[in-house]
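For reference, the chains in residue letters:
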Amino acid sequence: MKIVVIIPAFNEENAVGKVIKDLPKDKVDEVVVVNNNSTDKTAETAQEAGATVLLETNMGYGNACLKGIDYLKTQRSKPTDIVVFIDADYSDYPEQLLNLVAPIENGKADLVIGSRALGNREKGSMTFPQIFGNWLATNMMRLFFGAKFTDLGPFRAIRFESLMALDMQDKTYGWTVEMQVKAVKKQLSYCEIPVDYRNRIGFSKISGTVKGTVLAGYKIITTIFKYF
C-alpha cells in the first residue's frame, strides 16, 4: 500500500530532519513536510532530508494538515492508500509507523491513533495540562459519542478514502479531536496502539506557553460540543 507521511512544521529546523531520517524508508512512499511559515531553516532541512516541502503561510496546525491533504488530492501523481500524520519535533518515534499502519493494512481499521497513554512516556515529555486535557477530552468523547479513545495523539494513520470522507475543516488546535469525533459519527472502524513518547527537541509553541495551553484546551472542548 502507498503510504504518505504528512509532517506539519513550524520552526523545527533541529528536529524535522531526524523525524524524516527515522521513518522506515522501505515502507513510506513519500514524506510531505508542510512548512507553516517558519522563520528558521525548517524548509531547507526537510528538503535536504528528502521530503517534499510545501509552504502554508496561514498559521495553524489544521491549516498545515489541510495543505498536505490538498497536495495529495490535486498534485501527487501516484495514488495514496494510507496517510500518516506525525509531529516535526521528534517527540514521537517515527520507526513505530510500522505498528501504526498494520491494522489498516490488515483490514482491521480505517483509523489508528497512536496512544501515548498506553505507551511509555519519558518523564517530562507531557505537561500536566496536556495529560489532564487528554483525559478530559477522551472522557467527553466517550460520554457524548460512545468513543473509546485514550489519547488525542498527533501520531496517527488513516485510510486515504476515509480521510476524504471526513471532510476535515478545523484550521488550528481542534484538528485531532475533529478527526476522531467525525470518525465515530461516520462509523469508521478505529483502534489505538501504544506508542512511546519522549521530550521534544526545542520549545513547544502550544504546551510551552500558558496562552497556547488555554487556547488549545478551549478549542478542543468547543470542537467536541460543535459535533455533538
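For the structure itself, look to the data block above.
What this report covers is the structure whose coordinates are included nearby. What you see is a predicted model, and the numbers here were worked out from it, not measured in a lab.

## Some points on the pattern of salt bridges
No. 1: Following the criterion strictly, the structure yields 11 salt bridges and no others.
No. 2: A salt bridge links Asp 151 to Arg 116; the nearest nitrogen and oxygen atoms lie 2.8 Å apart. Note that Asp 151 is positioned in the loop between helix 5 (128-145) and strand 6 (156-159) and Arg 116 in the loop between strand 5 (111-115) and helix 5, a separation of 35 residues in sequence. As far as the burial class goes, Asp 151 and Arg 116 line up, both buried.
No. 3: Three or more residues joined by partner-sharing salt bridges are found here, namely Lys 2, Asp 29, Glu 30, Arg 76 and Lys 78.

## Brief notes about the sheet that holds strand 3 (residues 52-55)
No. 1: Strand order in this open sheet of seven strands is 3-2-1-4-6-5-7, and the pairing throughout is mixed. Looking at strand neighbours, the two that pair on one side only are strand 3 and strand 7 (190-194), the edges of this open sheet. With direction set aside, neighbouring strand axes in the sheet form an average angle of 20°.
No. 2: Bridge analysis of strand 4 (residues 82-85) against strand 6 gives four bridges, and the strand direction is antiparallel. For Ile 82, the partnering residue across the bridge sits in strand 6 and is Arg 159.
No. 3: Contacting strand 1 (3-9), strand 2 (30-35), strand 3 and strand 4, helix 3 (residues 61-74) crosses the sheet at an angle of about 150° to strand 1.

## A look at the side chain of Glu 56
No. 1: Inspection of the secondary structure assignment puts Glu 56 in the loop between strand 3 and helix 3.
No. 2: No salt bridge forms around the buried Glu 56; measuring N to O, its nearest opposite-charge neighbour Lys 67 is 4.5 Å away.
No. 3: The residues touching Glu 56, leaving out its near neighbours within four places in the chain, are Val 34, Asn 35, Asn 36, Asn 37, Asn 63, Ala 64 and Lys 67.

## Digging into helix 3
No. 1: In this model, helix 3 (14 residues) spans 20 Å end to end at C-alpha, consistent with the 20 Å of a helix rising 1.5 Å per residue.
No. 2: Of the residues making up helix 3, those classed as buried are Gly 62, Asn 63, Ala 64, Cys 65, Gly 68, Ile 69, Tyr 71 and Leu 72.
No. 3: Lining the buried residues of helix 3 we find strand 1, strand 2, strand 3, strand 4, helix 6 (160-166) and helix 7 (175-185).

## Section: unusual backbone geometry
No. 1: Within the chain, Asn 37 stands out as a residue other than glycine whose phi angle is a positive 65°.
No. 2: As for its position among the elements, Asn 37 is in the loop between strand 2 and helix 2 (42-48).
No. 3: Despite not being glycine, Tyr 90 has its phi angle at roughly 70°, a positive value.
No. 4: A relative accessible area of 17% means that Tyr 90 is categorised as buried.

Parameters at a glance
- Residues numbered from 1 in each chain as written.
- Predicted model: local features only at pLDDT ≥ 70, side-chain atom pairs only at ≥ 80, totals over all residues.
- Heavy atoms only, no water.
- Salt bridge = Lys/Arg side-chain N within 4 Å of Asp/Glu carboxyl O.
- Helix = DSSP H or I, 4+ residues; strand = E, 2+ residues; numbered from the N terminus.
- Buried < 20%, exposed > 50% of the residue type's maximum accessible area, 1.4 Å probe, protein only.
- Pairing = 2+ DSSP bridges.
- Axes fitted to C-alpha atoms, helices over the stretch in contact; angles between N-to-C directions.
- Contact = heavy atoms within 4.5 Å.
- Lys, Arg positive; Asp, Glu negative; His and termini not counted.
- Expected span 1.5 Å × (residues − 1).

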